[in-house]
Amino acid sequence: MVALAESSSYQPWREDRSRYSFLNTNGRAKRILIHGATFVITVDAADKLRVLTRQSIYIVNGIIKEVFPMNKKSIPTNNIDLIYDASKRGGIVLTPGFINAHAHPPMYMLRSSMTLDKGDIIDQVKKMAELEAKMNEQDFFLGAVGDFTEEQKNGITTILSHYATFDPIERAAKLTKQNVINAVSAVSNSHPGNNLAMVEKILKNRKKYFSTPAIAIHYLHKASRAELKKIKMLIKKYNVLFTLHVAESEEWVGESVKKFGSRTIEAMADLGLASHNTVISHGIYLSDQEIKLIKKYKIGVVHLPTSNKLHKSGVFPYPKFVKLKMNNLVCLGTDSVISKNSLDLLSEALQVRIMHMDRHKVLYEDLFKMMTSQAAKILKLGKVGKIAPGYRADLAFWKLKDRGFLPYNEKKPISLIGNMITHGGRNIRDLMINGEFIISSRIHNLINESELLVELQKAHTKLRGRIEK
Ligand SMILES: [Zn+2]
């Protein structure tokens, strides 16, 4: 279908674009030199934000080997397969690929069911669920490809997918070469047939997949005590992440109290589900006691301000996290196109600032970490989310000559980050995932976007047809 080609056949096509020079055309470029990036924005070993100037980066087999000032050193050309010139025409700003900690990729197929013009959000969501119930495996797959490629164009190189189907997401991750944590719902709203035996089977085979399996449930109160006990066992046995929506509304907190006799995080602690393997999304209605438990157990929290505003859910207590020095447990997510304008994190970072502006100023440095190194830590990604030796070569290439960056204060290049978050939200120029260029000169190397959009439109119309019958 929408797949373009294998890496070998898109190589000559990339060669036409002037920043790429191939020195070795036998097969895949495994040794890449990014020459002279005008700026490199990254978090350093001491977790401080840095803006480095005129840096070259040497990558071998998907891992960053060296980062060095472009004039201080050179790599022998016989050790290079491909040079990317990041210095010319105003140059390139390089950031780590961003990390999205909460998404529902197949729902990309449902974009038009979220119209903010007329009607009530509750009715909209109800209508959306009717459509979702009619989606088939191909719809889930196409939707996920649509989601992943849009996220890639926005500089996102890792996604935690929270959804009820595993295979379509696995296939979409493989096709787009996206890093995906594939958290499959053991207890699902849309797929009542899902169960823990199914999830365990996936976990047992976890090494065989392209994506990284994890466990999800929609909400705590939707699962039985027996199921939750089994989940606790599976998390331990397979050392995997566990994710769920928590306290998005007062009503859901009430459901937890009704079923378990305590609020969500308290119940999770009692059930042995509070740990650093757990990642909760939303977390709006949390008591002070629950916030302390999150700190104690180092539970990861995904903040989703745009979704919270659009669904009138409420305000995440970020200032309390700062006061208790536990904001290092917070990262960002997009949710689906039913809950956000576009699948990018820069606009989400801006929403964080706006949401909390009257009580707390969230620094650009903190926002940048939430999108990169901090998210990598929370999702246990290992050496990901920084531009430094030993780290995975997941890199986003942004053109400096862009209204999202210029003009900036040359004496304080850190002002580039403020510009990027406040005025950015644009598409990247190139994208590298695991040391491979997935997007070159704004064009996807693996997916024919034009065909993809036509296929999505056709499938969407068919889906609407199924509901009208
Ligand atoms: Zn969600």
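Predicted model, so just to flag it, every value in this text is computed and none were measured.

The rules behind each value
- Residues numbered from 1 in each chain as written.
- Predicted model: local features only at pLDDT ≥ 70, side-chain atom pairs only at ≥ 80, totals over all residues.
- Heavy atoms only, no water.
- Helix = DSSP H or I, 4+ residues; strand = E, 2+ residues; numbered from the N terminus.
- Rg over C-alpha atoms; globule rule 2.2 N^0.38 Å.
- Contact = heavy atoms within 4.5 Å.
- Pairing = 2+ DSSP bridges.
- Axes fitted to C-alpha atoms, helices over the stretch in contact; angles between N-to-C directions.
- Core = buried A, V, L, I, M, F, W, Y, C linked by side-chain atoms within 4.5 Å.
- Buried < 20%, exposed > 50% of the residue type's maximum accessible area, 1.4 Å probe, protein only.
- Donors = N, O, S within 2.8 Å, 3.2 Å for Na, K, Ca; no water.
- Tetrahedral: all angles 85-135°; square planar, octahedral: opposite > 155°, others 65-115°.
- Arc of directions from axis to C-beta.
- Parallel < 35°, antiparallel > 145°, perpendicular 65-115°, else oblique.
- Left-handed = near helix turned anticlockwise from the far one by under 90°.
- Nonpolar A, V, L, I, M, F, W, Y, C, P; charged D, E, K, R; others polar.

Trainee: Any chance you could break down the overall build of the chain for me, citing the residues and the numbers?
Mentor: Within the chain, the secondary structure is distributed over 16 helices and 18 strands. Over its C-alpha trace the chain gives a radius of gyration of 22 Å, about what one expects of a compact globule, namely 23 Å for 469 residues. Each principal axis of the C-alpha distribution contributes one length, and for the chain these read about 65 × 50 × 50 Å. Long-range pairs, those at least 24 residues apart, make up 73% of the contacts in the chain with a sequence separation of at least 6.

Trainee: Can you lay out the sheet that holds strand S13 (residues 300-303) for me, pointing to particular residues and giving the numbers?
Mentor: As summarised here, the arrangement of the 8 strands in space is S7-S8-S9-S10-S11-S12-S13-S14, forming an open sheet in which the pairing is parallel. Both outer strands of the open sheet, strand S7 (98-103) and strand S14 (330-332), are each paired with one neighbouring strand and no more. Averaged over all neighbouring strand pairs, the angle between strand axes comes to 25 degrees, with direction disregarded. Strand direction decides the pairing type here: S7 and strand S8 (residues 156-163), joined by 4 bridges, are parallel. Residue pairing for S8: Ile99 is matched across the bridge by Thr158.

Trainee: Help me get a handle on the nonpolar core, residues and values and all.
Mentor: Counting residues in each nonpolar core, the largest one holds 105 residues, and the members touching the most others are Ile215, Ile217, Leu220 and Ile294. The element contributing the most residues to this core is helix H3 (residues 137-153), with 6 residues. Apart from the residues within four sequence positions on either side, Ile215 is in contact with Ala183, Val184, Ala186, Val199, Leu203, Ile231, Leu234, Ile235, Val240, Leu241, Phe242 and Thr243. If you look at the next biggest cluster of nonpolar residues, it comprises 22 residues, including Ile59, Tyr391, Phe397 and Met432.

Trainee: Lay out the coordination of the zinc ion with the relevant residues and their values.
Mentor: For the zinc ion, the protein coordination sphere consists of His102 (NE2), His104 (NE2), His245 (NE2) and Asp335 (OD), at 2.1 to 2.4 Å. For the zinc ion, the 4 donor atoms in the first shell make angles of 82 to 176 degrees at the metal, a pattern classed as irregular. Counting along the primary sequence, the residues that act as donors to the zinc ion give the motif H-x1-H-x140-H-x89-D. Placement of His102 in strand S7 and of His245 in strand S11 (residues 242-246) is noted, with a sequence separation of 143 residues between them. The exposure classification of His102 matches that of His245, with both residues buried.

Trainee: Go over the pairing of strand S16 (residues 430-433), please, and point to the residues and values.
Mentor: The alternating pattern of S16 places Asp430 and Met432 on one face and Leu431 and Ile433 on the opposite face, and all of these are buried. Where strand S15 (residues 395-399) meets S16, 3 bridges bridge the pair, whose relative direction is antiparallel. Counted as the bridge partner of Leu395 is Met432 from S16. Hairpin remark: S16 followed by strand S17 (residues 436-440), antiparallel, with 2 residues in the connecting loop; positive phi at Asn434, about 50 degrees.

Trainee: So what's going on with the environment of Pro407? Residues and values would help.
Mentor: The residue Pro407 is located in the loop between S15 and helix H15 (415-423) in this model. Separated by 12 residues in the primary sequence, Pro407 and Asn419 place their C-alpha atoms 8.6 Å from one another.

Trainee: Describe helix H9 (residues 288-297), and please don't skip the residues or the numbers.
Mentor: Along H9, the residues classified as buried are Glu290, Ile291, Leu293 and Ile294. With its buried residues spanning 155 degrees around the axis, H9 presents them on a single face. Seen from the buried face of H9, the exposed residues on the opposite side, beyond 90 degrees, are Lys292 and Lys296. Turning to H9, the residues buried within the fold contact helix H8 (264-270), strand S12 (278-282), S13 and helix H11 (318-323). Looking one or two residues past H9, Lys298 carries a phi angle of roughly 55 degrees, positive in sign.

Trainee: Can you lay out the packing of helix H13 (residues 364-371) against H15 for me, pointing to particular residues and giving the numbers?
Mentor: Interaxial distance between H13 and H15 falls to 10 Å at its minimum, and their mutual angle equals 70 degrees. Taken together, H13 and H15 sit at an angle that is classed as roughly perpendicular. The two elements H13 and H15 meet at a crossing, and its hand is left-handed. Judged by residue contacts, Tyr364, Leu367, Phe368 and Met371 of H13 engage Ile417, Gly418, Ile421 and Thr422 from H15. Residue composition of the contact of H13 with H15, by class: 6 nonpolar, 2 polar and no charged.

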